[in-house]
Amino acid sequence: MSPVKPLRQILFSSLFALALPLSAPASAAGEVLYYEDRAQIPEPYTWDLGLYFADEQAWEAAFAELEAELPQLEKYRDRVAESPATMAAALEEQFRLSRKLGPLYINANQKIHLLRSDPVGAEQSGRVNSLLSRFQREAAFIQPEIALMPQDKVAAFRKAPELKPYRHYLDNVWRLREHTRSPEVEQVIAGSTLPGAGHFNTYEELNHADIAWPTIVDENGEPAVVSPGQFARFRASTDRDLRKRAWEAHMQKVADFQNTYAATLGSKIQRDVWLAQVYRYPSSIEAALSASNVPPEVMETLLSTVHDNADKIQGYNVLRREILGVETLQPWDSQVSLLPDGGRKYTFAEAWELAMQFWRETFGDEFASIAQQALDNRWVDVYSNEGKRGGAYSWGTYQQPYYLFLNWGGEFEDVSTLVHEMGHSVHGVLASNNQSYHDAPVDLFVAEVGSVASESLFGEWMLERTKDKQERKQLLDHALSSIRNTFVTQIFFHEWEARVHAMAEEGQALTAASMGEVYVDLLKTYNGDTYARHELDALHWARIPHFFRNFYVWKYATSFAAGEALAARFRSGDKSAAEDYMNMLKLGGSVYPLDVLKAGGVDMTDPSVIRAVMDRFGLLQQQLAREFGL
Ligand SMILES: [Zn+2]
């Protein structure tokens, strides 16, 4: 339909990825955090991959069945708008087929996520990608046939009982009718999805297969590779010299390949610009806003609020510099804990107990029992193993489960990540259980809200329960870095992304130098002179995979603001907050994103929602300074 809402989004729930530190192979209370061989991990902490398909034969049978059924869509070509009954039948068939595709796609990819070299997963994921692309091409006529109907006919169809279950879906299709092309053009565009993914695939292969990342000597005197998956762990190391060596070694390697990075991301941005033009949008940013039906003012408030509060960003840097006791903050000092020993460690079992208590007390039994079911039924893959992908996510389909992917590291950050990702899984379950298939998928604009609110509330819940001075410092430090990483930095990224897209729209060249210039300029605007400059800073954009998802990062920031506003309702003791929160999650994608948030009691068009985050950023800094006696 539009460049940022590809058909794929209506197929299955999105992948919620967070770039998080891959943990060091250390242990807390005897817990093994890293396994050379996956088979050694105790089974209750590993995924049950048989929940979608009992075995490979079952996967193959489901694949073959779907492949054979795809041509059935063809009988609706040129007939979708014939009558309410044919439209309902065409939609039903489209959603029935796409529903079958989701588990095949997820299951194939899960295998590679657990073990990059898994030959079955690699082969299946290649085939299922082709099948997805074929499905998108073959279903491409349906939406334009709906969108191109005359207005009076639309009004009549809207009242038809057969189409009642699809009303929101149809309203959204009709809303975008000026940005919908003919069935033929839509089919050509759908056919370009698979080759269009080449930019990101190249980026992934470059990072994870082709580049020989440098080896340095780690804190234990052992050789360690500073790969993208391990970079975060080095940036969090309390050994400053190690951080510096790791940062410089990694960024130098990025610099060696800067032209390939620039060509890869640059051509992806050119594709965004081209798609926005094809869909008759004045700019790629307007295309992105239109997909979520969010007014531009929300984005404008986001930018102006951060700019107006640059003193708080710089004040935070100064505070960190003082607590860390360094003369100048260097690029490798941005992610380290303010506690010399990194703070309290948690085993997964301890974290689980805390999280369960928090969920039960804060959101109630319905939430907690879904979480318990997730663990009991092995939806959670806890520990790292050789060949397992880094980071954490929640991913699933309407049929469920909504799997959680972790790389447990024993830090407070990991506990918080567990709470965050479980928020997504519970959201998925509640939306699936309360909405029909086509209304369940959550728009990316609201996808992070429930999880961010729950993570923020969890930090506060922990803070209320501890008298230990060190732990209080750790929790405040974590709350502040969350605002910096999930709100401020994402707005920074968004601004970079918007300016680089604008450059492409003006016909300027996207090179490592021109993209780097914008990056450095923004660093100055945000940080003033509170950070030391390093020439390799200009290439930091090359490290952010989210730039391959068209205008995605700003949704982290709006989600964060909405999540904070929800959390503020809980903090103020609002008795209906928990019920509204649960009802909001149950809505899924059955109404427009801003209306989902309204159900949670949050009005995103009110600028004070966004300003409140920066106010809290300032307040937490004062609290942290007090804890450190400053
Ligand atoms: Zn998330």
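Residues numbered from 1 in each chain as written. Predicted model: local features only at pLDDT ≥ 70, side-chain atom pairs only at ≥ 80, totals over all residues.

To continue, consider the overall build of the protein chain. Along the backbone of the protein chain there are 27 helices and eight strands. A globule of 630 residues ought to have a C-alpha radius of gyration of about 25 Å, and the protein chain, at 24 Å, matches this closely. Counting only C-alpha atoms, the protein chain reaches 75 × 55 × 55 Å along its principal axes. Buried residues in the protein chain amount to 44% of all 630 residues. Pairs at least 24 residues apart make up 78% of the contacts formed inside the protein chain by residues separated by at least 6 positions. (Helix = DSSP H or I, 4+ residues; strand = E, 2+ residues; numbered from the N terminus. Rg over C-alpha atoms; globule rule 2.2 N^0.38 Å. Buried ≥ 20, exposed ≤ 12 C-beta atoms within 10 Å, placed from the backbone. Contact = placed C-beta atoms within 7 Å.)

This part covers unusual backbone geometry. What is expected of a backbone is that most residues other than glycine have negative phi and most peptide bonds are trans. Note the cis peptide between Q400 and P401, where omega equals 10°. Structurally, the position occupied by P401 is in the loop between β7 (392–396) and β8 (402–405). For D78, which is not a glycine, the phi torsion comes out positive at approximately 65°. Counting through the fold element by element, D78 comes out in the loop between α2 (56–69) and α3 (84–114).

In regular strands, side chains alternate between the two faces of the sheet. Across the two faces of β8 the burial is the same, with Y402 and L404 and Y403 and F405 all buried. Of the pairings in the sheet, the one linking strand β5 (residues 380–381) to β8 comprises two bridges and is parallel in character. Considered in β8, the bridge of D381 is made with F405. Pairing between β7 and β8: four bridges, direction antiparallel. By the bridge assignment for β8, W395 is matched with Y403. Where β7 folds back on β8, the antiparallel hairpin that results is connected by five residues, among which Q400 adopts a positive phi of roughly 70°. (Pairing = 2+ DSSP bridges.)

A few words on the UniProt feature "domain: Oligopeptidase F N-terminal" (unreviewed entry) in the protein chain. Under the feature "domain: Oligopeptidase F N-terminal" (unreviewed entry), the UniProt entry names residues 145–211. Regarding residues 145–211, the helix share stands at 70% and the strand share at 0%, and the terminal C-alpha atoms are separated by 46 Å. (UniProt positions renumbered as here; feature names shortened; annotations may be inferred.)

What follows deals with helix α25 (residues 577–586). Buried within α25 we find A577, Y581, M584, L585 and K586. Looking at the packing, one finds that the buried side of α25 touches α17 (348–363), α19 (412–434), α21 (449–465), α24 (553–571) and α26 (593–599). Looking one or two residues past α25, G588 carries a phi angle of roughly 55°, positive in sign.

Residue position: D241 is located in helix α12 (residues 240–256). Residue classification places D241 among the exposed positions, given that 10 C-beta atoms sit within 10 Å.

Quick look at the pairing of β7 now. For β7, a buried count of five out of five residues is recorded, marking the element as mostly surrounded by other parts of the structure. Neither face of β7 is exposed, since A392, S394 and G396 on one face and Y393 and W395 on the opposite face are all buried.

Quick look at the environment of Y403 now. Structurally, the position occupied by Y403 is in strand β8. Residue classification places Y403 among the buried positions, given that 27 C-beta atoms sit within 10 Å. Residues Y403 and L375, 28 residues apart in the sequence, show an inter-C-alpha distance of 9.7 Å. Discounting residues that sit within four places of it in the chain, Y403 has contacts with W47, Q110, W379, S394, W395 and G396.

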